[in-house]
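Survey of secondary and tertiary structure
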Amino acid sequence: RRASAAPSARSRRRPSAAVGCAGVWTMAVLAHVPTVASVRGELAELENEEQALLEELHKAQQEAAEAQSAGSALLSAVEAAMAPAMRELASTRRALGSVDIATAFGGG
């Protein structure tokens, strides 16, 4: 038999699939075991995210309150602007009595 530098086909064979899978599984499990430092780091990130979300919520609530206030002010202004026209309409209706308004103004 000749001695060669290259390993034989038999020595180059991989371990059985069962051994290979078990080794990969063990490495995967060990890779996902959290450390105290990684858990604390993740907790700090989540606390920062929570703070940012709370600030965003507070800002949105302020904007909603401002929009509601502006809407109320606008509605009051429109009502005040319409008051004279509504008084005139009521006065006209009383003056006409049972006459159809459309007919009275030439619409019918």
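Parameters at a glance
- Residues numbered from 1 in each chain as written.
- Predicted model: local features only at pLDDT ≥ 70, side-chain atom pairs only at ≥ 80, totals over all residues.
- Heavy atoms only, no water.
- Helix = DSSP H or I, 4+ residues; strand = E, 2+ residues; numbered from the N terminus.
- Buried < 20%, exposed > 50% of the residue type's maximum accessible area, 1.4 Å probe, protein only.
- Expected span 1.5 Å × (residues − 1).
- Bend = angle between axes of the 7 residues up to and from the residue.
- Patch = residues over 30% accessible without salt bridge, like charges linked within 9 Å, V, L, I, M, F, W, Y side chains within 5 Å.
- Areas by Shrake-Rupley, 256 points an atom, 1.4 Å probe, with all protein chains shown as cover.
- Salt bridge = Lys/Arg side-chain N within 4 Å of Asp/Glu carboxyl O.
- pLDDT = per-residue confidence, 0-100.

What follows deals with the overall build of the chain. Assigned secondary structure in the chain consists of four helices and zero strands. Its helices and strands taken in sequence order, the chain reads α-α-α-α from the N to the C terminus. Within the span of the chain, comprising 108 residues, buried residues form 0% of the whole.

For helix α3 (residues 36-96), with 61 residues, the first-to-last C-alpha span of 86 Å sits near the 90 Å given by 1.5 Å per residue. A maximum bend of about 40 degrees is found in α3 at Ala83, where proline Pro84 lies one to four positions downstream. A positive backbone phi angle near 70 degrees is found at Gly97, which sits one or two residues after α3.

With that out of the way, let us pick up a nonpolar patch on the surface. Taken together, the side chains of Leu74, Val78, Met82, Met86 and Leu89 make up a nonpolar region of the molecular surface, amounting to roughly 440 Å² of accessible area. Assignment of secondary structure puts Met86 in helix α3.

Confidence along the chain averages 81 in pLDDT terms, with 66% of residues attaining 70 or more. Of all secondary-structure elements in the chain, the lowest mean pLDDT belongs to helix α1 (residues 9-12), at 54, while α3 reaches the highest, 95.

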